[in-house]
Amino acid sequence: MTTSGSGNGPFVLVDGTAYLYRAFHALPPLTNSKGEPTGAVYGVVNMLNKLLREYDTDRVAVVFDAPGKTFRDELYSEYKATRPPMPDDLRVQIDPLLATVEALGLPVLRVPGVEADDVIGTLSREASGRGFEVVISTADKDMAQLVEKGVTLVNTMSGSTLDRAGVKKKFDVFPEQIIDYLALVGDTSDNIPGVPKVGPKTAAKWLNEYETLDSIVEHADEIKGKVGESLRDNLEQLELSRKLASIRCDVELDTPLDALVLRAPDRETLTDVYRNMEFGSLLRALRETQAKTEPAAPEAQYETVLTEGALDQWIDKLANAPLIAIDTETDSLDYMRARLVGVSFSVDIGSAAYVPVAHDYPAAPDQLAADLVLAKLKPILEDPKKNKVGHHIKYDAHIFLRYGINLAGIRYDTMLESYVLNSTATRHDMDSIAEKYLGLTPIKYEEVTGRGAKQIGFNQVALEQAGPYAAEDADITLRLHEKLWPQLENTPSLETLFEDIERPLIGVLTRMEETGVLLDTDLLSRLSREFADKMHEFETKAHEVAGGPFNIGSPKQLQEILFDKLGLPVLRKTPKGQPSTAEDVLAELAEDYQLPRLVLDYRALQKLKSTYTDTLPREVNPNTGRVHTSYHQAVAVTGRLASSDPNLQNIPVRNAEGRRIRQAFIAPDGYRLLAADYSQIELRIMAHLSGDKRLLNAFAEDRDIHQATAAEVLGIEPDEVSTEQRRSAKAVNFGLIYGMSAFGLARQLGIDRDEAQNYVDLYFARYPGVKEYMDNTRQQARDQGYVETVFGRRLYLPEIHARNYQRRQYAERSAINAPMQGTAADIIKRAMISVQDWLSNASVDARLIMQVHDELVLEVAEDKVDTVSKEVTKHMADAATLDVPLKVDVGSGTNWDEAH
């Protein structure tokens, strides 16, 4: 054993438990935007950072109480019995705090059976014995007993320190007398008995006179007055109090002293924690520290290309590069109308070029003509052997198409790499993933264009700003690819998902978006007028029922009418304690009351009118006469496609008004719309994943699955199943997929909870494979933090271990649903790729124009409908090999509703 310390600075021992409570109670109740408590973590991290700044040391340990009972509980069952339980808002912060402290590079100790004090006492004794100066950071007065030569206490909150003289000054006893002092005084917070009527002054007086507790006991008869009587009456429990107050210094530790060394911080984990908990100041400080401590990266070499000679030099670089990062700058986000402003590219990290072609502000320098630039780039851009990477490269492909260039060789897309790697970790825009995976904060678009009403188009941005911004986009795209792609390669299922589904889909979606959908704008205008008239009728009737006019669109006025004036029951309150008028609340009230029904009918028409019948005609492109939506691959965490501008995914199909809107999606003369829809695909996936024999047989025999379920559960013949019984079975079949509880089923079916629970129990008894699958999937989610689709797509569930019951329950429901919804998304994507391959190779007069949920819509020449129907059905059915057949329903018509 060495006899002297080694390393830099003192050995710092931190009472993490004291820090935890101090931070929790000293700060206001901080939360992030999700409502999760964060104050204790924030406070402790700041205290630790302050401590490390003050003590320049590489020897440190942070010690927390371990869960469970300690030896003191065995000595005295009432130990700490008066202490209230840990608040839930503090309890949920412990695990994140421990992970954060470790990410800071600080060794963390939690030893079962003893308290943090005992671990600190043991470490202090050993470190001091080996010649280290020891600093114990705590506000716990019990720790004063550990002070000796070379061992001091520091209170981080107050900044005060206690050495031997300091202990004497504060308590009027020396450190070696503190245990006896505490035994006499007791401790109400720990429920250490002590001696009634003996306070700090009396205890110090006695110890100054008699020196030790044993001597006080020996002279107990000499002590006069009621305090002397109290001492004599409580002599038997003094030894217990002394044992409870004594910090053990002989705890067996698995971690040797030499292992308690400050490590380099895990900046990636800290960045994630600070971002999730929304600690902006800590995140900024972390980045500043990183910039100071890491070797400075060579300054990026960004070039703005203004001459043909400089362009030719870059053309040579592109021609010889194994991978080209490319990005376009435009004057609009509408890919069908955007005008090219410039092109940027990079082939080496830290080096990039921007070629402006249409910056037209008054002092703009001469730029190369767009025709010249694109003519020189066209052979490279259209060469399928020249690999390209972009961020959301589908948009760039559209822009090049506007200028007669068919972008080929799309090899990677960093937006999709991030999405496939972990769809829930972050948003997948460049700024977000650059911050997460590279620790970089790119120049933001608003920094060069301004914000709000004063924002200018990119074509008006000065090249001094535009050049570095645009070139950086290409450079960061290349950096992101080099960071993300190796992670995908290390997980073969994710690499395959990218290569076989997400990347090939880029071209399919580009073609679909370019084709667009033909609309009957006259029909939509008529519908808008009809909806307005019906809305007026509903509003007038609502005023009659309410007994007077009110603003039907005002939640506050509606609240007053429903609950104050009409006295309807309050089913739920808002976070501010007001009666809720949310749609699900109104739907429940509408079962018994007329006014909520009228409000819901009004709202439904208002939404259809504002979202579709008024808006869709304005979305028609004047050059094509069609609507061109944008399909998004990296939005829905389960893998489903989303669409915007306009959103075609949410047009209702089950009510008459929604179907009439679908009638406005029409085929041009000589063509028909063909709609091909997977039948009950998620239930089929459930049968495949669960392997339940009865469920598999029902699908294999092509039985009515809801009728079959009702017959199985109720123990009757299928032809005896009533319409109502089939409806109940359908609610259970689909409800289970989405994690519906018996309570939810009861509400949906209008039955009591016990009856609903009995139905669910019967279901699981008849389909035990489903129950086993659900239980196993929840456990898998808990064990590994994610679930997977049939094709290996992962959905991470960060809240699967959340202390908050509702968030944990939601994560568990997602764990059940995600593999089915995600697999369905993968299957229809595979079907789209397969159908498009066939359309391209067969040169048939048909084209994909829409994808909505589990449905594909095509525009088909009238004389090719039968051929295309058969082929599309085949390709969709063959898109996956499951233990049950995939069934596809196909129809055609002059409009979408007729085809559906």
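Just so it is clear, the model here is predicted, and its values are computed rather than measured. For every chain, the first residue of its written sequence is number 1, and the numbers climb from 1 along that sequence. Local features in this predicted model are restricted to residues whose pLDDT is 70 or higher, and side-chain atom pairs enter the listing and the counts only when it is 80 or higher, whereas totals over whole chains, interfaces and linings include all residues. Side-chain numbers here rest on the full set of heavy atoms in the structure, without hydrogens or water.

Undergrad: Would you mind showing me how to read the layout of surface pockets here?
TA: In this approach, a probe sized like a water molecule rolls over the atoms, and the result shows the empty space that is left. Of the volumes computed, that of the second largest pocket is approximately 1,000 Å³. A 1.4 Å probe that fits but cannot get out identifies a cavity on a 1 Å grid over protein atoms alone, an open set with protein on both sides within 12 Å along at least five of seven lines counts as a pocket, and a residue lines either if it has an atom within 4 Å of a point. In this structure, the second largest pocket is lined by 30 residues; those nearest its centre are V653, R654, D677, Y678 and D854. A helix here means a DSSP run of H or I that spans at least four residues, while a strand means a run of E at least two residues long, and both kinds are numbered starting from the N terminus. Those elements that place two or more of their residues in the lining of the second largest pocket are β18 (671-678), α29 (681-690), α32 (723-737) and β23 (888-893). Looking at the lining of the second largest pocket, its residues break down into 11 nonpolar, 9 polar and 10 charged. Grid points are joined across faces, edges and corners, and a volume is the space filled by probe spheres set on the points. Polar here means any residue outside two lists: the nonpolar Ala, Val, Leu, Ile, Met, Phe, Trp, Tyr, Cys and Pro, and the charged Asp, Glu, Lys and Arg; Gly therefore counts as polar.

Undergrad: I keep staring at the confidence of the model for the protein and nothing clicks. Help me out?
TA: Caution applies to low-pLDDT parts of the model: their predicted coordinates are not meant to be read in detail. The predictor attaches a confidence to each residue, called pLDDT, with possible values from 0 through 100. Mean pLDDT over the protein works out to 89, with 97% of the residues at or above the 70 mark. Every residue in residues 1-7 scores below 50 in pLDDT, and together they form 12 contacts with partners more than four places removed in sequence or on other chains. In this description, contact between two residues means that some pair of their heavy atoms is separated by no more than 4.5 Å.

Undergrad: Where do I start with the sheet that holds strand β2 (residues 59-63) in this structure?
TA: The strands making up a sheet are joined through hydrogen bonds of the backbone, oriented either antiparallel or parallel. If you walk across this open sheet you meet the 6 strands as β3-β2-β1-β4-β5-β6, and the pairing is mixed. In the strand order of this sheet, the two ends are held by β3 (108-109) and β6 (161-162), each with one partner. For two strands to be treated as a pair, DSSP must find no fewer than two bridges joining them. Relative to β3, β2 is paired through 2 bridges, and the arrangement is parallel. Residue pairing in the sheet places V63 in a bridge with L109 of β3. The sheet contacts of helix α1 (residues 16-26) involve β1 (11-15), β2 and β4 (134-137), and relative to β1 the element is tilted by about 50°. The angle between two axes is taken between their N-to-C directions and runs from 0 to 180 degrees, where each axis is a line fitted to C-alpha atoms and a helix contributes only its stretch in contact.

Undergrad: Help me understand the pattern of salt bridges in this model?
TA: Side-chain pairs of opposite charge can arise whenever the charged atoms involved come near each other. Take a side-chain nitrogen of Lys or Arg and a carboxyl oxygen of Asp or Glu: if they are within 4 Å of each other, that pair is a salt bridge. All chains considered together, the criterion is met by 52 salt bridges. Taking the shortest distance from any N to any O, the salt bridge between R242 and E239 comes out at 2.8 Å. Linking R242 with E239, this pair stays in helix α12 (residues 235-245), spanning 3 residues, or about one helical turn. Buried, partly exposed and exposed residues are distinguished by accessible area as a fraction of the type maximum, computed with a 1.4 Å probe on protein chains only: under 20%, between the cut-offs, and over 50%, respectively. Using a relative accessible area of 17% as the deciding quantity, one classes R242 as buried. One continuous salt-bridge network, built from bridges that share partners, spans R59, E126, R130 and D258.

Undergrad: What is the right way to read the sheet that holds strand β7 (residues 301-304) from this model?
TA: If you trace the 6 strands from one edge of the open sheet to the other, you get β7-β10-β9-β8-β11-β12, paired in mixed fashion. Taken across any chain shown, the strands that pair with only one partner, and hence form the sheet edges, are β7 and β12 (410-413). Averaged over neighbouring strand pairs, the angle between their axes works out to 25° when direction is ignored. By the bridge criterion, 6 bridges tie strand β8 (residues 324-330) to strand β9 (residues 340-348) in an arrangement that is antiparallel.

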